[in-house]
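Chain residues, written in single-letter form:
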Amino acid sequence: MRFRTVLPLILMLCTCRAPSPREVIRPGGETRTHVWVDAAGSGPGDGTREQPLRSLAEALIRPGPLTVHLGAGTYTGPFTLPEGVRLEGQGPASVLATEGAEAPVLRASRDAALVDLAVRGGGWGLEVGGGRVRLERVGFSGQRTGAVRVEAGRLEVQAGRFEATESGGTGVLLEAAPRAPESQAHAVEARITASAFNGPYRRAVRVRGAGARVELEDVKFFGPDSALGVDGGHADVRHAVAEGGKGSAFSVVDGVLLLEDAQVTGHEYALSATRAMRLEVRRFTSVRAVRAGLGVVGSKGVLEDVVVRDSGDYGGLQLVGGDLQVQRFRVDGSAEYGLSALHGRLRLRDGTILRVRSADGSAGDGLQLREVEADVEGVVVRDVEGSCILAAQAAHVKLRDAELRGCRYSGLAVDTQARLEATEVVIDGAGAAMTAMGQGELRVDVLTASGLADGLVWADCQGTTRVSLERVRSEDARGLPSSCVAGRAEKPAAPR
């Protein structure tokens, strides 16, 4: 009797029912269905791990929330991602593609996630029209127009790989709709971390419209003409490297750019800004810029701990208009100008400019300040082929605590109705310590000069040109008798 009772129980426990996709209850009570898809499967399958589907499209029509596990192989779309779907591949071997050259491979308008797979071909690899879309270890390559386009919603990218296989195109485009009433503006956001953009993209990341915002952290750009272009939007960049491009590595027009801990090698400009509403650059290095390390026009902001090495014929820093504060900067090796400023207001603090060369001898100035109101303190200028500091074209410059050495033409120079007020200046090795012409005005208090080839002062005393000297020490008194020069020089005290 005991055997008869146990046998039916054993048979019941051993009965095998047909497998089905697995349902998992997540914390919070959400039931998520897991479906397996394998393009190389031998039969039609039912979506279980043991009998996977062969078609991704078939898996995506199942009710969600849904996690789809993709085997190695190519899955040809295009695909529209339902809300809450999560696609998990097996790395670059799991490929989503489309046969059409213009259609996007993927479209997402609601929350979705892609993990460990590759997206190949298409006009766009992924179009995001809303919701929150997360990409983890996803690669994009072969797109004709761009990798990812975001028109609404939020994109999050972790460890992304973006490869341009032909010139032009965009890596990630954030494009906010034009603002109707401001309350109706669609926010477009992205956060991209630990990712790389390779190849000849025209722009690796582009942010367009006042409602578009991007955060970049630990991102590398090798080959794009421009790493980041901001047109009216907002970008916050931390820890970035860019090299091998032809245009401006980082650029902003009519928008906001916050840039911290970045290095650029090559490029026309390492950074360019035009009418930036807010510009903050900290710990930024430019090496071998073709034109200038930084070119800033009509912008307001702060540049701190900026280093420019071996820049081209537009100088180390080229500043036009706006209202800027530049502090703790260093320019080492530049053509024509170390720092040039035209128009606007400028505050310079604690800077060093070294080795400024000039192709034809007409420039080579360390600081060239024209039509600008400038407050300069704590600068060192050495080994320049022109003037260490030149104020010209109605500039008004206040200078304090400057060390000027190896100024081939002049230490301090004023021209064309400029006014330069200098105090606590050391000049060692110059053509002339000071030059004045073109109705410029030079006022100096506490200056020490030595090693002068052409004298202490050279002045073209026509019109209202004036030089006023107080507490000047120099062995060389040449130029003091000029009619527009007031003051005298004392010999330095003999060393004990």
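Criteria and thresholds
- Residues numbered from 1 in each chain as written.
- Predicted model: local features only at pLDDT ≥ 70, side-chain atom pairs only at ≥ 80, totals over all residues.
- Heavy atoms only, no water.
- Helix = DSSP H or I, 4+ residues; strand = E, 2+ residues; numbered from the N terminus.
- Rg over C-alpha atoms; globule rule 2.2 N^0.38 Å.
- Buried < 20%, exposed > 50% of the residue type's maximum accessible area, 1.4 Å probe, protein only.
- Contact = heavy atoms within 4.5 Å.
- Areas by Shrake-Rupley, 256 points an atom, 1.4 Å probe, with all protein chains shown as cover.
- Lys, Arg positive; Asp, Glu negative; His and termini not counted.
- Charge placed at Lys NZ, Arg CZ, Asp CG, Glu CD.
- pLDDT = per-residue confidence, 0-100.
- Core = buried A, V, L, I, M, F, W, Y, C linked by side-chain atoms within 4.5 Å.
- Phe/Tyr/Trp six-rings, centres within 6.5 Å; stacked < 30°, edge-to-face > 60°.

Chemist: How should I be thinking about the overall build of the chain in this particular structure?
Modeler: For the chain, the count of helices and strands is two helices and 38 strands. Against the 2.2 N^0.38 benchmark of 23 Å for 496 residues, the chain shows a C-alpha radius of gyration of 32 Å, more extended than a compact globule. In terms of overall dimensions, the chain has C-alpha extents of about 130 × 55 × 40 Å along its principal axes. Relative to its 496 residues, the chain shows a buried fraction of 50%. Looking at the chain alone, contacts between residues at least 24 apart form 34% of all its contacts between residues at least 6 apart. In the form shown here, the chain has an accessible surface area of approximately 22,200 Å², with 47% of it arising from carbon and sulfur atoms. Across the chain, 60 positive and 63 negative side-chain charges occur, with their mean positions spaced 5 Å apart.

Chemist: Teacher, can you tell me more about the confidence of the model for the chain here?
Modeler: The predicted structure's coordinates, where accompanied by low pLDDT, should not be read in detail. Per-residue confidence for the chain gives a mean pLDDT of 91; residues scoring 70 or more make up 92%. Taken together, the stretch residues 1–19 has pLDDT below 50 and engages in three contacts with residues farther than four places along the chain or on a different chain. Contacts for the low-pLDDT stretch residues 24–29, under 50 throughout, to residues beyond four places or in other chains number seven contacts.

Chemist: Looking at this model, I keep getting lost on the nonpolar core. Mind explaining?
Modeler: Most often, soluble globular proteins have nonpolar side chains that are buried together. Core analysis: the biggest nonpolar cluster contains 131 residues, and Leu 228, Phe 250, Phe 284, Leu 339, Leu 346 and Leu 412 have the highest contact counts within it. A per-element tally of this core places strand β33 (residues 419–436) first, with eight residues. Setting aside residues no more than four positions away along its own chain, Phe 284 makes contact with Phe 250, Leu 259, Ala 262, Val 264, Ala 270, Leu 271, Leu 294, Asp 305, Val 306 and Val 307.

Chemist: So what exactly am I meant to see when it comes to the packing of aromatic side chains here?
Modeler: Two numbers describe a pair of aromatic rings. These are the distance of the centres and the angle of the planes. Overall, the coordinates contain five aromatic pairs when judged by the stated rule. With centroids separated by 5.4 Å and ring planes inclined at 5 degrees, the aromatic side chains of Phe 140 and Phe 162 adopt a geometry described as stacked. Here Phe 162 lies in strand β12 (residues 161–163) and Phe 140 lies in strand β10 (residues 124–141), a separation of 22 residues in the sequence. By relative accessible area, Phe 140 is classed as buried at 2%. A ring pair is formed by Phe 162 and Phe 197, whose centres lie 4.3 Å apart and whose planes are at 5 degrees; its orientation type is stacked. Taken as a pair, Phe 162 in strand β12 and Phe 197 in strand β14 (residues 188–198) lie far apart in primary sequence, 35 residues in all. On the accessibility criterion, Phe 197 (0% relative accessible area) is buried.

Chemist: Which parts of the structure should I look at to understand the environment of Tyr 314?
Modeler: Assignment of secondary structure puts Tyr 314 in the loop between β24 (300–311) and β25 (317–320). Residue classification places Tyr 314 among the partly exposed residues on the basis of a relative accessible area of 31%. The spatial distance from the C-alpha of Tyr 314 to the C-alpha of Gly 295 is 8.7 Å, given a sequence separation of 19 residues. Contacts of Tyr 314, omitting those with residues within four sequence positions, involve Tyr 269, Arg 291, Ala 292, Ala 335 and Tyr 337.

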